[in-house]
Amino acid sequence: MSSHQMPLMFVRHAEAEGDHRLGDESRPLTLEGRATFRAHARKLARLTPMVGIATSPLVRAIQTAEILAEAFGLAHVEVLPELRPRPQAPKRILHMARELGPGWMLVGHNPSLAVAGARALEQEELPGKLRKGAVLALHPQGKHFSLAWMATPGRSLFKPDAPSRGRTSEGHD
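Below: a short report on this structure. Remember, it's a predicted structure, so these values are computed and weren't measured experimentally. (Residues numbered from 1 in each chain as written. Predicted model: local features only at pLDDT ≥ 70, side-chain atom pairs only at ≥ 80, totals over all residues. Heavy atoms only, no water.)

Considering helix H4 (residues 112-120)
- By the criterion of burial, H4 is predominantly enclosed, with seven of the nine residues buried.
- Within the sequence span of H4, burial applies to Ser112, Leu113, Ala114, Ala116, Gly117, Ala118 and Ala120.
- Looking at the buried residues of H4, the elements they touch are strand S1 (8-12), helix H3 (89-100), strand S4 (104-108), strand S5 (135-141) and strand S6 (144-151).
- Directly beyond the C-terminal end of H4, a positive phi value near 55° is found at glutamate 122. (Buried < 20%, exposed > 50% of the residue type's maximum accessible area, 1.4 Å probe, protein only. Helix = DSSP H or I, 4+ residues; strand = E, 2+ residues; numbered from the N terminus. Contact = heavy atoms within 4.5 Å.)

Here it is, written out as C-alpha cells:
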C-alpha cells in the first residue's frame, strides 16, 4: 500500500492519571488506559499500515505513541512541541498534517485535536466525540481532508456513510 492510500491519523492520548506530583505534563497513562489502548492499537494496525508517529512531549501522549509504535511495528517516535496543548495548537496541527501527509499518526490532546480535525473537514465539529484513545482517520483532498473513519476504544468503527447521532467533539484533557 502506498503512503498516499494510507490515512493521516489524529490520535488522542489514552486514559491518564488525574494528577501527578510533578504537574500536568508528567501525568502517565493508567494501567487500565494502557491495557485498553494496547488492544485498540492492535485493531488499528490491522486496518492499515502507517509510516510514522509524531507526538506531543507530554508523558501521556508519549506513552500512547509508544504503544502505537509497538502495534504498528514502527521503531521511531518523533516528539514535537507543536502538538502540546496550547491556544495555537489546532493551526499548528493542521500545518503539520499537511506537511507530514498520509501514513502519519499525530498524537496529542483535546480540544486541540478535535478542533484541528473539524477544521480539516471544514466542519463546525466532528461527527463524533474524540474520546481518550480515539483516532480520527483522514484522507487528504487538496488543501482539506475527508473523513475515512473514527475509532474509539471499546466502540464500533464509525464510518462517514453511517448516520451520526448528534455526537459532539467536546472534551478536554
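There's plenty left to go through after this.
Some thoughts on the nonpolar core
- Judged by nonpolar contacts, the single largest core of 27 residues is most densely connected at Phe10, Ile93, Leu106, Leu130, Leu136 and Leu138.
- Going through the elements one at a time, S1, H3, S4, H4, S5 and S6 are the ones with two or more residues in this core.
- In this structure leucine 138 touches Pro7, Leu8, Phe10, Ala120, Leu121, Phe145, Ser146, Leu147 and Ala148, once residues within four positions along its chain are discounted.
- Core analysis: the second largest hydrophobic core is formed by 24 residues, Ala41, Leu44, Val107 and Trp149 among them. (Core = buried A, V, L, I, M, F, W, Y, C linked by side-chain atoms within 4.5 Å.)

A short note on the pattern of salt bridges
- Taken as a whole and assessed by the stated rule, the structure comprises one salt bridge.
- Between arginine 84 and glutamate 25 there is a salt bridge; the shortest N-O distance is 2.5 Å. Placement of arginine 84 in the loop between strand S3 (77-79) and H3 and of glutamate 25 in the loop between S1 and helix H1 (31-47) is noted, with a sequence separation of 59 residues between them. (Salt bridge = Lys/Arg side-chain N within 4 Å of Asp/Glu carboxyl O.)

Describing the sheet that holds S5
- The strand order across the open sheet formed by six strands is S3-S2-S4-S1-S5-S6, and the pairing between neighbours is mixed. Of all the strands in the sheet, the pair left with one neighbour each is S3 and S6. Going across the sheet, the axis of each strand differs from the next one's by a mean of 25°, ignoring polarity.
- Pairing between S1 and S5: four bridges, direction antiparallel. For valine 11, the partnering residue across the bridge sits in S5 and is valine 135.
- Sheet strands touched by H1: S1, S5 and S6. Its angle to S6, the strand with the most contacts, is close to 125°.
- Packing of H4 onto the sheet brings it into contact with S1, S4, S5 and S6, and relative to S1 it is tilted by some 155°. (Pairing = 2+ DSSP bridges. Axes fitted to C-alpha atoms, helices over the stretch in contact; angles between N-to-C directions.)

Focus: the side chain of asparagine 110
- Along the chain, the position of asparagine 110 falls in the loop between S4 and H4.
- Of note is the side chain of asparagine 110, whose polar atom sits 3.2 Å from the backbone nitrogen of alanine 114.
- At 3.0 Å, the side chain of asparagine 110 forms a polar contact with the backbone oxygen of leucine 130. (Polar contact = N/O pair within 3.5 Å; in protein donor to acceptor, adjacent residues only side chain to side chain.)

Quick word on the environment of arginine 84
- Of the residues examined, arginine 84 reaches a relative accessible area of 16% and is grouped as buried.
- The spatial distance from the C-alpha of arginine 84 to the C-alpha of serine 56 is 5.1 Å, given a sequence separation of 28 residues.
- With residues up to four places along the chain from it excluded, the contact list for arginine 84 reads Glu25, Ser56, Pro57, Leu58 and Ala89.
- One polar contact links arginine 84 to glutamate 25, side chain to side chain, over a distance of 2.5 Å.

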